Amino acid sequence: MAQLVLALLHIHLHHHIHGPPFDYAGLAVAAAASWIGVPGPGEPVLIAAGVLAAKHQLDLGAVLVIAWLAATAGGIVGWAIGLRAGRAFLSDPGPGRARRIKAVAHGEFVFDRYPVIAIVLTPSWIAGIHRVRSAIYQPTNAIAAALWAAGLGFGGYFVGPPVVDLVDDLGTAAAVALGVLVAGTVGLALWQRRRRSRAGDGGAPR
């Protein structure tokens, strides 16, 4: 992670990127967390950063590089955690130990046969648990992080602004229409339930 911080300082000092530093820091934290294995934060934050870059509030090149470096670093951290502690944790005595050991054995087969595919499709700490060699893991992790950063970053940059502009243009009218639609759906459901209830009672008045 120290290398990531130095890289961010180098980008900031030598390339004069524009935009709030906290936005770039938040992107780095979210990307790293996702690649360590925390579900959720990286993708929406990276897409949002791409949209902000399209609106000239952030620098697209910096967004892509920071997301790539942070994701790569997060993948390394997750792999190291799994390598050092994951196997012992899964083999510890306790509920479901036999099932956990069986899952590890199945994972060994998959990682032995298809290591690159398994690395790409599973959280980084799982690769560590299955003791994927650094010579295989590091380049695969870095390439996958680059594709992830480029795909979502460019996606937010090119696709996000039209969607945001459409929502802005619709504005209050869309909100009102959505409210009417929801209210109508709820009212129809209540009316149908009351009608079925009366039919079950033989239509007797209440």
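Residues numbered from 1 in each chain as written. Predicted model: local features only at pLDDT ≥ 70, side-chain atom pairs only at ≥ 80, totals over all residues. Heavy atoms only, no water.

Here we look at the environment of glycine 74
Working step 1: Mapped onto the elements, glycine 74 comes out in helix 4 (residues 60-91).
Working step 2: On the accessibility criterion, glycine 74 (0% relative accessible area) is buried.
Working step 3: Taking the C-alpha atoms as reference, glycine 74 lies 7.3 Å from serine 34; in sequence the two are 40 residues apart.
Working step 4: Discounting chain neighbours no more than four positions away, the residues touching glycine 74 are Ala32, Trp35, Ile36 and Ser124. (Helix = DSSP H or I, 4+ residues; strand = E, 2+ residues; numbered from the N terminus. Buried < 20%, exposed > 50% of the residue type's maximum accessible area, 1.4 Å probe, protein only. Contact = heavy atoms within 4.5 Å.)

Thoughts on the confidence of the model for the chain
Working step 1: Put simply, the chain has an average pLDDT of 76, and 58% of its residues get 70 or more.
Working step 2: Looking at the elements of the chain, mean pLDDT is at its lowest for helix 1 (residues 2-15), recorded as 49, and at its highest for helix 8 (residues 134-158), recorded as 92. (pLDDT = per-residue confidence, 0-100.)

Points about the layout of surface pockets
Working step 1: Within this model, the largest pocket holds a volume of roughly 310 Å³.
Working step 2: Around the largest pocket sit 19 residues that line it, and Ser34, Trp35, Val120, Thr122 and Pro123 are the ones nearest its centre.
Working step 3: Secondary structure elements with two or more residues in the lining of the largest pocket: helix 2 (21-36), helix 6 (115-121) and helix 8.
Working step 4: For the lining of the largest pocket, the element with the most residues is helix 8, which contributes five residues.
Working step 5: The residue inventory of the lining of the largest pocket, partitioned by class, reads ten nonpolar, eight polar and one charged. (1 Å grid on protein atoms, 1.4 Å probe; cavity = no way out; pocket = protein on both sides within 12 Å on 5 of 7 lines; lining within 4 Å. Points joined across faces, edges and corners; volume = space filled by probe spheres on them. Nonpolar A, V, L, I, M, F, W, Y, C, P; charged D, E, K, R; others polar.)

Regarding helix 3 (residues 42-54)
Working step 1: For helix 3, built from 13 residues, the straight-helix expectation of 18 Å at 1.5 Å per residue is met to within 8% by its first-to-last C-alpha distance of 18 Å.
Working step 2: By the burial criterion, the buried members of helix 3 are Gly42, Leu46, Ala49, Gly50, Val51, Ala53 and Ala54. (Expected span 1.5 Å × (residues − 1).)

Remarks on the packing of aromatic side chains
Working step 1: The tally for this structure, following the rule as stated, stands at four aromatic pairs.
Working step 2: Ring centres of tryptophan 79 and tyrosine 137 lie 5.3 Å apart, and the angle between their planes is 10°; on these two criteria the pair is classed as stacked. Within this pair, whereas tryptophan 79 is found in helix 4, its partner tyrosine 137 is found in helix 8, the two being separated by 58 residues in sequence. We note that tryptophan 79, like tyrosine 137, is buried.
Working step 3: Where tyrosine 157 meets phenylalanine 158, the ring centres are 5.0 Å apart and the plane angle is 85°; that geometry is what we call edge-to-face.
Working step 4: Of the residues examined, tyrosine 157 reaches a relative accessible area of 25% and is grouped as partly exposed. (Phe/Tyr/Trp six-rings, centres within 6.5 Å; stacked < 30°, edge-to-face > 60°.)

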